[in-house]
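Each chain, letter by letter, is given below.
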Amino acid sequence: MPQVTIVPTGESFAADPGEPVLTAALRAGLNLPHSCKGGHCASCRARLLSGTTSYPTRELPAGITADEAAERFVLLCQAQAVTDITIETREMRPAREVEVKSLPGRIDRMERLADDVMAVFIKLPAVEDLHYRAGQYIDFILSGGRRRSFSLASAPADGRMLEVHVRRASSSGFTGQLFDTMRAGNLLRVEGPLGQFWFRGDSPRHAIMIGGGTGYAPLRAMLRQLLAVGDRRPLTLYWGARTTQDLYEHDWLVNVAATRPAFAYRPVLSEPQADDSPWAGRSGLVHEAVLADLGADLAPYDVYASGPPAMVEAIRHTFVERGLPRAQLFFDSFDFAPDTLAAMRKTDNP
Ligand code: FES
């Protein structure tokens, strides 16, 4: 069984053959940085200092470039140890700081936010507390152990009720079932908090938040938490959506921007022509709007990006090219569940 050693902490654990290194680390109680677990957000990127790893398919995962792979960077949620390995992680947080719990949750209510987006409010047992940071996510554990990950749109300051924003991705899968048959009172098994996507409060830099579609949810959680604690640092939220219907909290954000001087809200529509009402605001791709606004040097900013893999990929490449240090870029991306991505890869690589 290959042995994995972490630098700089020196901790080590065994990985089963064919098991992603991240899975083995989490099982060993080490909370290595991660988010999507699907190979596209790059949160779990680490440098391979010695030994050999492989990926389940011949293709590199979407979240890593050929150049990065040549520099011996690997994505731990996909990479499997072929030999004993030593890896260097960007960040290492003891599991005790974020106690991950598996709890029953009851749907308290559901509110339609847009044609294909539902807010689901989940109540945990009265005797249980889930301590989390605004921006983290939870998994719903489905039959057969399948999981669906959803960022929490609520913040700790909102109280005990958990809120997630679910976009209907299909008619037959979990999200279709949720829209068509689930009701208040239904039970769900919830596991969390998960992920390392949270606001770095110790940074003095102007924070740029970029949300695509329901990728807005964890940014909303961060914003709500910052508002609740009276944080006054400069913050700009770009929300990219197809039409005005998809900007389901537009009015609230306009109101926040009007009352909090250091906060700016910039909605960007990719398909404004599909709207019933004329759109006088920005149109195009949201990350291009950000680049147009911020100019040639992105070094003075922290960037928090959450949305579909294509958006996150574009940001990861173009923003770093424009001088944004990698350590100032934080990602989240859950458009597809890991098992859906695996099925897509199989189709792509028969
Ligand atoms: S957690 Fe590995 S790429 Fe997202």
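None of these values were measured; they are calculated from a predicted model. (Residues numbered from 1 in each chain as written. Predicted model: local features only at pLDDT ≥ 70, side-chain atom pairs only at ≥ 80, totals over all residues. Heavy atoms only, no water.)

Focus: the sheet that holds strand β10 (residues 101-114)
Within a beta sheet, neighbouring strands are joined by backbone hydrogen bonds and run either parallel or antiparallel to one another. The antiparallel open sheet is built from 6 strands, whose spatial order is β13-β12-β15-β10-β11-β14. Each having just a single partner strand, β13 (147-151) and β14 (162-167) make up the two edges of the open sheet. Here the strands of the sheet are splayed against their neighbours by 40 degrees on average, with no regard to which way each runs. As defined by bridge partners, β10 adjoins strand β15 (residues 187-194) across 6 bridges and the pair is classed as antiparallel. Across the sheet, the residue bridging to Lys 101 is Gly 192, located in β15. (Pairing = 2+ DSSP bridges. Helix = DSSP H or I, 4+ residues; strand = E, 2+ residues; numbered from the N terminus. Axes fitted to C-alpha atoms, helices over the stretch in contact; angles between N-to-C directions.)

Quick notes on helix α7 (residues 309-321)
The terminal C-alpha atoms of α7 lie 18 Å apart, and with 13 residues this matches the ideal 18 Å at 1.5 Å per residue to within 8%. For α7, the set of buried residues is Pro 309, Met 311, Val 312, Glu 313, Ile 315, Arg 316 and Phe 319. Of the surrounding secondary structure, the elements contacted by the buried residues of α7 are α2 (66-70), β16 (206-212), α6 (286-294), β20 (301-306) and β21 (329-332). Gly 323 lies just past α7 and shows a positive phi near 95 degrees. (Expected span 1.5 Å × (residues − 1). Buried < 20%, exposed > 50% of the residue type's maximum accessible area, 1.4 Å probe, protein only. Contact = heavy atoms within 4.5 Å.)

Focus on the domain arrangement of the protein
The domains assigned to the protein are domain 1 (3-95), domain 2 (99-194) and domain 3 (206-332). The C-alpha-based centres of domain 1 and domain 3 are spaced at 29 Å. At the interface, 11 residues of domain 1 touch 8 residues of domain 3. Taking both partners together, domain 1 and domain 3 bury about 690 Å²; carbon and sulfur atoms supply 45% of that area. Residues Arg 316 and Glu 68 are paired through a salt bridge, measuring 3.3 Å at the closest nitrogen-oxygen approach. (Domains from an automatic or database assignment. Buried area = accessible area lost by both parts, 1.4 Å probe. Salt bridge = Lys/Arg side-chain N within 4 Å of Asp/Glu carboxyl O.)

As for the sheet that holds β16
The 6 strands are arranged β19-β18-β17-β16-β20-β21 in an open sheet whose pairing can be described as parallel. In this open sheet, the two edge strands, each paired with only one partner strand, are β19 (282-283) and β21. Helix-sheet contacts for helix α5 (residues 250-259) involve β17 (235-241) and β18 (263-269), and the interaxial angle to β18 is about 150 degrees. Along the sheet, α7 makes contact with β16, β20 and β21, crossing β21 at roughly 170 degrees.

Brief notes about the nonpolar core
The biggest cluster of nonpolar side chains holds 25 residues, and the ones touching the most others in it are Val 4, Phe 13, Val 21, Leu 32, Leu 76, Ile 85 and Ile 87. Within the residue set of this core, elements represented by two or more residues are β1 (3-7), α1 (21-27), β4 (45-50), β6 (73-75) and β8 (85-89). When residues of this core are assigned to their parent elements, the largest contribution, 4 residues, is made by α1. Contact partners of Ile 87, with chain neighbours within four places excluded, come to Val 4, Thr 5, Ile 6, Val 7, Val 21, Arg 47, Leu 48, Leu 49 and Leu 76. (Core = buried A, V, L, I, M, F, W, Y, C linked by side-chain atoms within 4.5 Å.)

So, the pattern of salt bridges
Following the criterion strictly, the structure yields 20 salt bridges and no others. Across the salt bridge formed by Asp 129 and Arg 160, the nearest N and O atoms sit 2.6 Å from each other. Within this pair, whereas Asp 129 is found in the loop between β11 (117-123) and β12 (137-141), its partner Arg 160 is found in the loop between β13 and β14, the two being separated by 31 residues in sequence. Using a relative accessible area of 39% as the deciding quantity, one classes Asp 129 as partly exposed. A salt bridge links Arg 233 to Asp 231; its shortest N-O distance comes to 2.6 Å. Like Asp 231, Arg 233 is buried.

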